[in-house]
Amino acid sequence: NGLAAISKVPGAGWVQIVLYALFCESTGGFGYNSDGQRSDPGNAGWKPPLLATEDKDLRRKRLNAELANGRLAMMAIIGMFFQDGLTGSAWGDW
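This report concerns the structure included in the present document. Bear in mind that the values here come from a model prediction, so they are computed numbers and not experimental data.

Things to note about the packing of aromatic side chains
Then, in step 1: One pass over the structure, following the stated rule, counts one aromatic pair.
Then, in step 2: Where Tyr-20 meets Phe-23, the ring centres are 6.5 Å apart and the plane angle is 35°; that geometry is what we call tilted. Here the residue Tyr-20 and the residue Phe-23 both occupy positions in helix H1 (residues 11–28), the gap between them amounting to three residues, near one helical turn.
Then, in step 3: When its relative accessible area of 54% is taken as the criterion, Tyr-20 is described as exposed.
Then, in step 4: Residue Phe-23 is classed as partly exposed on the basis of its relative accessible area, which comes to 48%.

What about a nonpolar patch on the surface?
Then, in step 1: On the surface, Leu-3, Ile-6, Val-9, Trp-14, Ile-17, Ile-77, Ile-78 and Phe-81 cluster together into a nonpolar patch covering about 680 Å² of accessible area.
Then, in step 2: Elements that contribute at least two residues to the nonpolar patch include exactly H1 and helix H2 (56–87).
Then, in step 3: Sort the elements by how many residues they give to the nonpolar patch and H2 lands first, with three residues.
Then, in step 4: If you trace the backbone, Val-9 turns up in the segment before H1.
Then, in step 5: Given a relative accessible area of 31%, Val-9 falls into the partly exposed group.

Section: the environment of Thr-87
Then, in step 1: Within the secondary structure layout, Thr-87 lies in helix H2.
Then, in step 2: On the accessibility criterion, Thr-87 (54% relative accessible area) is exposed.
Then, in step 3: Separated by 2.7 Å, the side chain of Thr-87 and the backbone oxygen of Gln-83 make a polar contact.

Conventions adopted
Residues numbered from 1 in each chain as written. Predicted model: local features only at pLDDT ≥ 70, side-chain atom pairs only at ≥ 80, totals over all residues. Heavy atoms only, no water. Phe/Tyr/Trp six-rings, centres within 6.5 Å; stacked < 30°, edge-to-face > 60°. Helix = DSSP H or I, 4+ residues; strand = E, 2+ residues; numbered from the N terminus. Buried < 20%, exposed > 50% of the residue type's maximum accessible area, 1.4 Å probe, protein only. Patch = residues over 30% accessible without salt bridge, like charges linked within 9 Å, V, L, I, M, F, W, Y side chains within 5 Å. Areas by Shrake-Rupley, 256 points an atom, 1.4 Å probe, with all protein chains shown as cover. Salt bridge = Lys/Arg side-chain N within 4 Å of Asp/Glu carboxyl O. Polar contact = N/O pair within 3.5 Å; in protein donor to acceptor, adjacent residues only side chain to side chain.

See the structure below:
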């Protein structure tokens, strides 16, 4: 049972996970650049090769595709959690 794995992580492990997540969030600037100016949505301050573009419409299309894929992934994992909680197996018995 995949959900039962949550109880197997010791308390110190959860503390480490939470502290690391807080560290990542605090050093990421919460959407602000290092100079304190608000950054554009989806602008991480670096340009990945072959993906970055100056075309506003293409950039908006790529950001919307990324959001749609992220939302689909979230729905998929929630479906797996539900199936795991209901049947005890996230993949089914095939």
